[in-house]
Amino acid sequence: MSGVQTLTIGPDDSDQRLDRWLKRQFPHLAQGRIEKMCRKGELRVDGGRVKANTRLQTGQQVRIPPLPEPGQVTSGPKTEVTAADARMIRDCVIYKDDQVIALNKPPGLPTQGGSKQTRHVDGLAEALKFDLEEKPRLVHRLDKDTSGVLLLARTRAAASALTASMRHKETRKIYWALVAGVPTPYLGEIKYALVKAPGHGKGGEGEKMMALHPREVDTVPGAKRAHTLYATLYRIAGRASWVAMEPLTGRTHQLRAHMAEIGHPIIGDGKYGGSGQENLGDGWGAQLGGIISKKLHLHARMLRFEHPETKREVTITAEMPEHMKHSWDTFGWTEDLAAEDPFEAL
């Protein structure tokens, strides 16, 4: 267990919900544990009791009680992993050594679950212990419908090193997407700030990010700076494009919101307009006339990081999921047409 910690809320984290801020700081924390700490008064902001949905403000002091280390077994029901799920998650492993495991996460599988969600990577990681006693620890997350490279640490020291590397932006992440239309210029950057718009559900379901001009970030509560590089690799006339993206910041739904804001939503993205873009008069809209899947076409293709033990650079790439492969086949594209890192020349 860790000791008591007191963390100060910085300007980039202002107006975040307490539970979501905590999960970004400690990805292994379950929602149920956060709510229990609030009920018992163990989790406090500026000395006062709080609820999980309390909005944080710049300068506030958050008292965090001792927490289990990532992967440490705590009291409570243990997730039972079926034989079929164990085979499925082991088949997702694309890299493994004594310190790190990398998965090619399939679309539709959450990284972590809420109080009613039990089938997720964090729970299924029980099947990824192999020759170690403790299950591997999550060090970052992907959205439920985003596929691709997801890292887990196999030891406490590796988890600490990889989490610090993520926090200090010392890793490289390249995503591939199929977007509506053709972004111009072909190579560019997006610097729209992002702010959360509340969802309609009791728990904030339906929440999405709204884009703002960078100059508004200091005047809109909760707005955060966001920065994305993009490169248009191939296109189908003016209808669709294969785009590579590198997020230089790590905001919620950043890539999806940024591409939508410049008028080129990711195909299959119902939240940000990638499923309902108007057609051009001939039935070709964001779904390209219905010839490709309606699933989200966003894939974490490559992740490059410093190995926590050897300190050598490790690059991991993940094959696209079947629905994206089908779309690529439809357009006559192959994965080897793209450079591993299209931003190296920048």
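This is a predicted model, so every value here is computed, not measured. (Residues numbered from 1 in each chain as written. Predicted model: local features only at pLDDT ≥ 70, side-chain atom pairs only at ≥ 80, totals over all residues. Heavy atoms only, no water.)

Quick notes on helix α7 (residues 322-331)
Thought 1: When α7 is considered as a whole, its buried residues turn out to be His 323, Met 324, Ser 327, Trp 328 and Phe 331. Along α7, the residues classed as buried sweep out an arc of 140 degrees about the axis, all on the same side. Turned more than 90 degrees off the buried face of α7, the exposed positions are Glu 322 and Asp 329.
Thought 2: Taken together, the buried residues of α7 touch β9 (172-180), β13 (228-236), β14 (240-247) and β15 (298-306).
Thought 3: One or two steps after α7, the chain reaches Gly 332, where phi turns positive at roughly 80 degrees. (Buried < 20%, exposed > 50% of the residue type's maximum accessible area, 1.4 Å probe, protein only. Helix = DSSP H or I, 4+ residues; strand = E, 2+ residues; numbered from the N terminus. Arc of directions from axis to C-beta. Contact = heavy atoms within 4.5 Å.)

Quick look at the packing of helix α1 (residues 18-25) against helix α2 (residues 31-39)
Thought 1: Close contact between α1 and α2 brings their axes to 10 Å; oriented N to C, the two are set at 125 degrees. Viewed along their axes, α1 and α2 adopt a mutual orientation that is oblique. As for how α1 packs across α2, the hand of that crossing is right-handed. Counted together, Leu 18, Asp 19, Leu 22 and Lys 23 of α1 and Gln 31, Ile 34 and Cys 38 of α2 form the full contact between these two elements.
Thought 2: When the residues that make up the contact of α1 with α2 are grouped by side-chain class, the tally is 4 nonpolar, 1 polar and 2 charged. (Axes fitted to C-alpha atoms, helices over the stretch in contact; angles between N-to-C directions. Parallel < 35°, antiparallel > 145°, perpendicular 65-115°, else oblique. Left-handed = near helix turned anticlockwise from the far one by under 90°. Nonpolar A, V, L, I, M, F, W, Y, C, P; charged D, E, K, R; others polar.)

Considering the environment of Arg 90
Thought 1: With respect to the secondary-structure elements, Arg 90 resides in helix α3 (residues 83-91).
Thought 2: Between the C-alpha atom of Arg 90 and that of Phe 130, which follows or precedes it by 40 residues, the distance is 9.7 Å.
Thought 3: Excluding residues within four positions of it along the chain, Arg 90 makes contact with Ala 127, Leu 128 and Phe 130.

Overview of the packing of aromatic side chains
Thought 1: The tally for this structure, following the rule as stated, stands at 6 aromatic pairs.
Thought 2: Ring geometry for Trp 176 against Trp 242: centres 5.0 Å apart, planes inclined by 75 degrees, an arrangement best described as edge-to-face. Separated by 66 residues along the polypeptide, Trp 176 in strand β9 and Trp 242 in strand β14 bring together distant segments of the chain. Note on accessibility: Trp 176 and Trp 242 belong to one class, buried.
Thought 3: Ring centres of Trp 242 and Trp 333 lie 5.6 Å apart, and the angle between their planes is 40 degrees; this geometry places the pair in the tilted category. Note that Trp 242 is positioned in strand β14 and Trp 333 in the segment after α7, a separation of 91 residues in sequence. (Phe/Tyr/Trp six-rings, centres within 6.5 Å; stacked < 30°, edge-to-face > 60°.)

A closer look at the pairing of β13
Thought 1: One ladder, built from 4 bridges, connects strand β10 (residues 187-190) with β13; its direction is antiparallel. Pairing of Ile 190 across the sheet is with Thr 228, part of β13.
Thought 2: As judged from the 8 bridges shared by β13 and β14, these two strands associate in the antiparallel manner. The residue bridging Tyr 234 from the neighbouring strand is Trp 242, located in β14.
Thought 3: Counted between consecutive antiparallel strands, the loop separating β13 from β14 contains 3 residues, among which Ala 237 sits at a positive phi close to 50 degrees. (Pairing = 2+ DSSP bridges.)

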